[in-house]
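Understanding the architecture of this molecule
Next come the chains, spelled out residue by residue.
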Amino acid sequence: MTNIELRMFKICLKVVFKILINYKFFMYKIFSLICLIFISFSFANAEVTNVFEFTNSELSKLEVRKVRGADSKTVYSIGSNENGNFLKAVADNAASGLGKEINIDLNKTPFINITWKIEKDLKGIKENTKKGHDFAARVFVIKKTGATVLSNRAINYVFSSNNEVGFNSPSPYTKKSIDNVLATTKGNLDKWITVKSNVKDDFKKFHDLDVNQLDGLAIMVDTDNSKMKAISYFQNIYFSAN
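Treat the numbers as computed from the prediction; the structure is a model and nothing was measured. (Residues numbered from 1 in each chain as written. Predicted model: local features only at pLDDT ≥ 70, side-chain atom pairs only at ≥ 80, totals over all residues. Heavy atoms only, no water.)

**Some words on the pattern of salt bridges**
Test applied: Salt bridges are counted wherever a side-chain nitrogen of Lys or Arg sits within 4 Å of a carboxyl oxygen of Asp or Glu. When accessible area is computed with a 1.4 Å probe and restricted to protein chains, residues below 20% of their type maximum are described as buried, those above 50% as exposed, and intermediate ones as partly exposed.
As enumerated under the stated definition, the model contains nine salt bridges in all. Measuring nitrogen to oxygen at the nearest pair gives 3.2 Å for the salt bridge that ties Asp208 to Lys204. Judged by its relative accessible area of 56%, Asp208 falls in the exposed class. Linked through salt bridges whose partners overlap, the residues forming this network are Lys204, Asp208 and Asp210.

Below you can see the structure in the form of structure tokens.
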């Protein structure tokens, strides 16, 4: 091979390598674009329904219901951390809840997601009895099934101070409300944890009802039966498709 032929061969190699490099870069760009479109499409189509904002403005508008016979109301206030706003609740021989009427399509978003924390729990009480039916944190989901409040069906998702996750029992006051333990302070005291449950399935399991839409939610921290003190926090309560 002459010098001229060798130089021509080297030039051809450079051209080929340049084409290959440009082709790989082009394919990388195309692949990255496809991934970005797929991720954006996934997020855009993810069904999520937020329930609470946990702002002072919202807190002033929420319906507050004091439990009949309770000496005082639970004190609710707004705080924040690196993950956003949260609701703080302090119940000292007190009981009141924060309710919100909201329609949740359980066919689209059947899963309730709750992030919460118990700073001070209620150790030693029997939560499935009238004298001990208090919870340091609970979230009610409500379905209207009649003309009066007493006819409603509810599932009470609780952060238990004494029972294990998975324990459930009817309220000692009404069989139309089921207490279902999603979290326990055993090993989780003063720790933020996130839990999830399929509300549509739970209504079928506990009430034998095919529920397509919820009618409201309520948050409550109550210590009126045990006469104790509880301190709790709630954050990021929402419904999701999965």
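**Notes on the side chain of Asn162**
Cut-off, in case you're wondering: We count a stretch as a helix when DSSP gives it H or I for four or more residues in a row; a strand needs E for two or more, and each element gets its number in order from the N terminus. By definition in these notes, contact holds between two residues if any of their heavy atoms fall within 4.5 Å.
Within the secondary structure layout, Asn162 lies in the loop between strand E8 (153-160) and strand E9 (168-170). Once residues lying within four places of it in the same chain are set aside, the contact partners of Asn162 are Leu122, Lys123, Gly124, Ile125, Glu127 and Lys186.

**Describing the nonpolar core**
Worth spelling out the cut-off: Buried Ala, Val, Leu, Ile, Met, Phe, Trp, Tyr and Cys residues that are joined via side-chain atoms within 4.5 Å together make up what is termed a nonpolar core.
Of all hydrophobic cores here, the largest spans 48 residues; its most connected members are Trp116, Val141, Leu217, Phe234, Ile237 and Phe239. Of the residues forming this core, the biggest block, six residues, is contributed by strand E12 (residues 213-222).

**Side note on the environment of Ser80**
For Ser80, the position within the fold is in strand E3 (residues 75-81). The spatial distance from the C-alpha of Ser80 to the C-alpha of Thr55 is 9.6 Å, given a sequence separation of 25 residues. Ignoring any residue separated from it by four or fewer positions in sequence, one finds Ser80 in contact with Asn85 and Phe86.

**Description of the layout of surface pockets**
To locate leftover empty space, one rolls a probe as large as a water molecule over the atoms. Note the threshold: Using a grid of 1 Å spacing that covers the protein atoms alone, one calls a set of points a cavity when a 1.4 Å probe fits there but cannot get out, and a pocket when the set is open and has protein on both sides within 12 Å along at least five of seven lines; lining residues are those with an atom within 4 Å of a point. Grid points are joined across faces, edges and corners, and a volume is the space filled by probe spheres set on the points. The residue classification treats Ala, Val, Leu, Ile, Met, Phe, Trp, Tyr, Cys and Pro as nonpolar and Asp, Glu, Lys and Arg as charged. All others, Gly included, are polar.
Size it by volume and the largest pocket reaches roughly 1,400 Å³. Around the largest pocket, the lining is made up of 38 residues, and of these Arg65, Phe140, Ile142, Val149 and Met220 lie nearest the centre. Mapped onto the lining of the largest pocket, the elements with two or more residues apiece are strand E2 (63-66), strand E5 (95-105), strand E7 (135-143), E8 and E12. The element contributing the most residues to the lining of the largest pocket is E12, with seven residues. Classifying every residue of the lining of the largest pocket by side-chain character gives 14 nonpolar, 11 polar and 13 charged.

**Regarding the sheet that holds E12**
Put simply, the test is: Here, a strand pair is defined by DSSP locating no fewer than two bridges between the strands. Lines fitted to C-alpha atoms define the axes, with helix axes restricted to the stretch in contact, and inter-axis angles between N-to-C directions lie between 0 and 180 degrees.
Spatially, the seven strands line up as an open sheet ordered E2-E5-E12-E7-E8-E10-E9, and their pairing is mixed. The open sheet has two free edges, formed respectively by E2 and E9, since each of these has just one partner strand. The mean angle between the axes of side-by-side strands here comes to 25°, regardless of whether they run parallel or antiparallel. Sheet analysis places E7 next to E8, joined by seven bridges and oriented antiparallel. Bridge pairing in E8 links Val141 to Ile155. Relative to E8, helix H3 (residues 199-207) is tilted by about 105°, and along the sheet it contacts E7, E8, E9, strand E10 (177-184) and E12.

**Re empty space enclosed by the protein**
Tallied over the full model, the rule gives one cavity of 30 Å³ or more. Its volume calculated, the largest cavity comes out at about 50 Å³. Here the lining of the largest cavity is built from residues that sort into four nonpolar, three polar and two charged.

**Overview of unusual backbone geometry**
You will see that Phe54, though not glycine, has its phi angle at about 55°, which is positive. You can see Phe54 is positioned in the loop between strand E1 (48-50) and helix H2 (56-61). Look at Phe54 and you get buried, because its relative accessible area is 3%.

**Comments concerning the packing of aromatic side chains**
Within a pair of aromatic rings, the relevant descriptors are the distance that separates the centres and the angle that separates the planes. To be explicit about the condition: Stacked, tilted and edge-to-face are the three classes applied to pairs of Phe, Tyr and Trp rings, where Trp contributes its six-membered ring and a pair requires centres within 6.5 Å; stacked means planes under 30 degrees apart, edge-to-face means over 60, and tilted covers the rest.
Taken as a whole, this structure holds six aromatic pairs when the rule is applied. Plain terms: the ring middles of Phe86 and Tyr233 are 5.5 Å apart, the flat faces sit at 80° to each other, and that makes the pair edge-to-face. One end of the pair, Phe86, is in strand E4 (residues 84-92); the other, Tyr233, is in strand E13 (residues 229-240), and 147 residues separate them in sequence. Pair check on accessibility: Phe86 and Tyr233 agree, each one buried. Ring centres 5.2 Å apart and planes at 55° place the aromatic pair Trp116 and Phe159 in the tilted group. Here Trp116, found in strand E6 (residues 111-120), pairs with Phe159, found in strand E8; they are 43 residues apart in sequence, far enough to count as distant. The exposure class assigned to Trp116 is buried, which follows from its relative accessible area of 0%. One aromatic cluster is present, formed by Phe86, Trp192 and Tyr233 through successive ring pairs.

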